[in-house]
Amino acid sequence: RQAKEARKADDDQLKNYILENYLEKMDKQSDPETHATLNSYYFMTAIIGDVILDIVTQDGLLALFSFAFVFCWIRLNTGSWFLAFVGFFEIFFSIPVAWFLFTVVFQIKYFSTLNTLALFIVAAIGADDIFIFMDAYKQSQYHLDILTDLETRMSWVYRRTGTAMAITSATTCAAFLCTLITPLSSIQSFGIFAACVILIDYVLVMSLFCTAVVIYHDRYESRAKCGCCCPCGVQTPSVTENAKAAIEANNGEEMKRDRVSEFFRTKVSSFVQKPLNRLVLAVVFLSWVGVSIWQATKIEPTKENEQFLDENHPLQKSISILDKEFPTANDDIGMKVYYAWGLGLVDRTGVNRLLEPDNFGVPTFESNFDFNDQCQVELLSFSDRLKTDPKYRGLIKRKNGVGQVYSFIEELAAFNVYGNLNNCTEVKKGDWRNAAWQVDTADLPEMMPKFLEQKTCFADDGETVASRYSKEVGWDGATLKYAAISAESDKLDPFGRDSEFLTRQEYDQFILLAEEADELVSVHCSGSVVMTDLDEKFVFMNNQSIYVQTAIQSAILGVCIAFVVLLVSTRVFHIALFASLSITCVLISVVGTMVMMGWYLGSIESILIGIIAGFSVDYVVHLAYAYEIASGDTYERITEAFGDLGISVFNGMITSVVASIPLFFCQLQFFAKFGTFLCLTIAFSWIFANFGFMSLLAQLKIPLKEKGRGCRL
């Protein structure tokens, strides 16, 4: 223990020395502009944590630019510092409120690093809700029949926006809750927390921000142009009364709206209504979707280690070079694969890691495990085969031609013959095999404590038997609960995260080896062999497979939920169908673009695909609802929908797209890829909602019954 503590102190001192004196110089040396013909990189295990912490800090500063833009865009579109501050506060206040709901009400203790993405999600969706509410408030000044008083006006705004945002929020929440179909707690935690954030944001918009708009109306609105933000008293006459007087002075004719709203109401609406334009759009969309489908079918799981940092970062370069360019050396540590007898499956009854993150279940042991003489013989024979059989070359790491196998039974047998392990030459020579080396199980309680204190003959640093075989010997102080043999993998190491493709190849071979072990050993030791690793490589391999399945299932389920919510809320089948078709096109386009960009289906990409439906519903749902509540024929409904919500949807798109751009420059790959994903999803959602979904409605011209006149389904 003292030696370990001394080594740790030396390592810490060396790390601090490197960080203080050399890291900045190494960064400068690794800059591509420093040398014209020489690439310089660095790698040191001890400083990885500090380098990554510095990167997280830098990426966090980039995220601040995103949030600053959201605030500025809200200020620009509301025209009020007061509303901008309240709106920005409302967006981010939804995080702690959702956290209270998540941890106190639902009692969920598992915190996933994915949950940090909720900040960007609520910034995008929260700003969109603010634009929807505020634009409805602005548009209300053009409707004479609701300008009798502020209460009537706000009632109209509240009902109009409340329903639309309730539909989008419900659809988005449901899409995120689709992550519950995965058995992975990290993704489940993210889905639940994101859904809570969206729910709380909706509640705060409809309560806190709505109240702020009333205060804004009474005290600030007419003074906003001159920059007044102090409560100088209630304005008389009110803004609503002035708006009513303006319409009456205009002989009741419709007032001209702001330029952006007029642009969507006239230019964009008329563009969609022209048959030739719709034909061109149909050709473009069908061609693009066809190409995207073709590309999406080519997506495949990653076959390399997933990169944590940007590929140009010197630390990531070093990791990639060490992983790809240099073959594994004999002295390199391989991942240990264990073959254990006496172990049962983990009892996971009542396990819910969302509520108890540290509860992985209870280990079980086979009561019929028998460490008899023949069992010991077969265990030794099996370990000898792993060391010497040439057919395991390439699977088990070799050193001096001998497989790297950890078999305590070999030293236990020698100890039983010699009474100690002092003469390692004799132990390794193996003359003890000619004696009666098998251990009587009745002697184990007396023998094992002495045996475990011995210095092992297969390590050079004075390591004890107990330390070397800490995982292979299942001694509980009274009985041997299990016995295991481990071997180092030739291809896998205990450090990185290899691709499912590579890990699966090795896993399948180790499974075949376990089947051989079952035939040779298990019949004598009673019970089946359990093959596993303790570096969670095989667990991660299985998780990667689950990521792929979850991505497909969540995406399909999200689209289906969006269809059901739209059908229930609008009671118009073709609107729900066309909106779901738009969401599907967004899904296909994003996946196809990911393949075109050279992305493979790793854990990050699978998670992002699974939440596409949650991100892509807002714009098409808003336009679908606006079209459904409008009056007149198809073209009149399209014009009114664009006039009412075109600017809101546009502002939401601009906010999300521009806010995602700083994430492109993050060195942490998850945030960089999330920024790209967010930008693609939002851009495609806006394009397909405005020009795909609305063009389809304009082309088919399916009439709608007026509300209250029979079933509209």
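To keep things clear, this report deals only with the structure shown in the data block. (Residues numbered from 1 in each chain as written. Predicted model: local features only at pLDDT ≥ 70, side-chain atom pairs only at ≥ 80, totals over all residues. Heavy atoms only, no water.)

**Some points on the overall build of the protein**
Moving on, step 1. When you go through the protein residue by residue, the secondary structure sums to 24 helices and 7 strands.
Moving on, step 2. Within the protein, the fraction of its 713 residues that count as buried is 50%.
Moving on, step 3. Contacts spanning at least 24 positions in sequence make up 74% of the contacts within the protein whose residues lie at least 6 apart.
Moving on, step 4. Split by element, the accessible area of the protein, about 33,500 Å² in all, is 59% carbon and sulfur.
Moving on, step 5. Taking the average place of the 58 positive charges on the side chains of the protein and the average place of its 81 negative ones, the gap between the two points comes to 7 Å. (Helix = DSSP H or I, 4+ residues; strand = E, 2+ residues; numbered from the N terminus. Buried < 20%, exposed > 50% of the residue type's maximum accessible area, 1.4 Å probe, protein only. Contact = heavy atoms within 4.5 Å. Areas by Shrake-Rupley, 256 points an atom, 1.4 Å probe, with all protein chains shown as cover. Lys, Arg positive; Asp, Glu negative; His and termini not counted. Charge placed at Lys NZ, Arg CZ, Asp CG, Glu CD.)

**Examining the nonpolar core**
Moving on, step 1. Core analysis: the biggest nonpolar cluster contains 148 residues, and Leu117, Ile121, Phe133, Phe176, Phe674, Phe693 and Met694 have the highest contact counts within it.
Moving on, step 2. The greatest single-element share of this core, amounting to 20 residues, is contributed by helix H7 (residues 185-220).
Moving on, step 3. Excluding its chain neighbours within four sequence positions, the residues that come into contact with Phe674 are Leu117, Phe120, Ile121, Leu608, Phe615 and Leu663.
Moving on, step 4. Counting residues in hydrophobic clusters, the runner-up holds 51 residues, among them Val337, Leu380, Val405 and Val521. (Core = buried A, V, L, I, M, F, W, Y, C linked by side-chain atoms within 4.5 Å.)

**So, the pattern of salt bridges**
Moving on, step 1. Applying the stated criterion across every chain yields a total of 10 salt bridges.
Moving on, step 2. Shared partners join several salt bridges into a network, and the residues in it are Arg385, Lys391 and Glu516. (Salt bridge = Lys/Arg side-chain N within 4 Å of Asp/Glu carboxyl O.)

**Points about unusual backbone geometry**
Moving on, step 1. For Glu536, which is not a glycine, the phi torsion comes out positive at approximately 65°.
Moving on, step 2. Here Glu536 shows up in the loop between strand E7 (529-533) and helix H18 (537-570).
Moving on, step 3. Using a relative accessible area of 45% as the deciding quantity, one classes Glu536 as partly exposed.
Moving on, step 4. One non-glycine residue, Lys701, lies in positive phi territory at about 50°.
Moving on, step 5. One can find Lys701 in the segment after helix H24 (669-700).
Moving on, step 6. The class for Lys701 is partly exposed, based on a relative accessible area of 40%.

**So, the packing of aromatic side chains**
Moving on, step 1. Summed over all chains, the structure comprises 36 aromatic pairs.
Moving on, step 2. When the centroid spacing of 5.0 Å and the interplanar angle of 15° are considered together, the rings of Phe89 and Phe93 count as stacked. One end of the pair is Phe89 and the other is Phe93, both in helix H4 (residues 81-105) and 4 residues apart, which spans about a single turn.
Moving on, step 3. For Phe93, a relative accessible area of 35% gives the class partly exposed.
Moving on, step 4. Summarising the aromatic geometry, the rings of Phe102 and Phe193 are spaced 5.4 Å apart at their centres and angled 70° between planes, so their arrangement reads as edge-to-face. A residue pair is termed long-range when its members are at least 10 positions apart, and Phe102 in helix H4 and Phe193 in helix H7 qualify at 91 residues.
Moving on, step 5. You can call Phe102 buried: its relative accessible area is 0%.
Moving on, step 6. Accessibility expressed as a relative area gives 3% for Phe193, which makes it buried. (Phe/Tyr/Trp six-rings, centres within 6.5 Å; stacked < 30°, edge-to-face > 60°.)

**What about empty space enclosed by the protein?**
Moving on, step 1. As enumerated under the stated definition, the model contains 6 cavities of 30 Å³ or more in all.
Moving on, step 2. A volume near 90 Å³ is recorded for the largest cavity.
Moving on, step 3. Lining the largest cavity, in full, are Ile132, Ala136, Gln139, Arg160, Thr161, Ala164, Tyr625, Ala626, Ile629, Asp644 and Leu645.
Moving on, step 4. Classifying every residue of the lining of the largest cavity gives 7 nonpolar, 2 polar and 2 charged. (1 Å grid on protein atoms, 1.4 Å probe; cavity = no way out; pocket = protein on both sides within 12 Å on 5 of 7 lines; lining within 4 Å. Points joined across faces, edges and corners; volume = space filled by probe spheres on them. Nonpolar A, V, L, I, M, F, W, Y, C, P; charged D, E, K, R; others polar.)

**Some details on the environment of Trp156**
Moving on, step 1. Mapped onto the fold, Trp156 is located in helix H6 (residues 150-177).
Moving on, step 2. Between the C-alpha atom of Trp156 and that of Val564, which follows or precedes it by 408 residues, the distance is 26 Å.
Moving on, step 3. Those residues in contact with Trp156 that sit more than four places away from it in its chain are Ala136, Ser140, His143 and Ile146.

**Looking at H18**
One turn of the α-helix equals 3.6 residues, which is why residues spaced by three or four share an orientation.
Moving on, step 1. Over its 34 residues, H18 runs 48 Å from end to end, which matches the ideal 50 Å to within 8%, given 1.5 Å per residue.
Moving on, step 2. Following H18 by one or two positions, Arg571 has its phi on the positive side, about 55°. (Expected span 1.5 Å × (residues − 1).)

**Here we look at the state of the cysteines**
Moving on, step 1. Counting across every chain of the model gives 2 disulfides.
Moving on, step 2. Paired through a disulfide, Cys375 and Cys525 show a sulfur-sulfur distance of 1.8 Å. Residues Cys375 and Cys525 are joined by a disulfide whose S-S torsion is about 95°; by sign, that bridge is right-handed. A residue pair is termed long-range when its members are at least 10 positions apart, and Cys375 in helix H12 (residues 373-388) and Cys525 in helix H17 (residues 500-525) qualify at 150 residues.
Moving on, step 3. Under the relative-accessibility criterion, Cys375 is labelled buried at 0%.
Moving on, step 4. Taking the relative accessible area as the measure of exposure, Cys525 reaches 0% and is therefore buried.
Moving on, step 5. Shown here is the disulfide that connects Cys424 with Cys457, its sulfur atoms set 2.2 Å apart. (Disulfide = S-S within 2.5 Å.)

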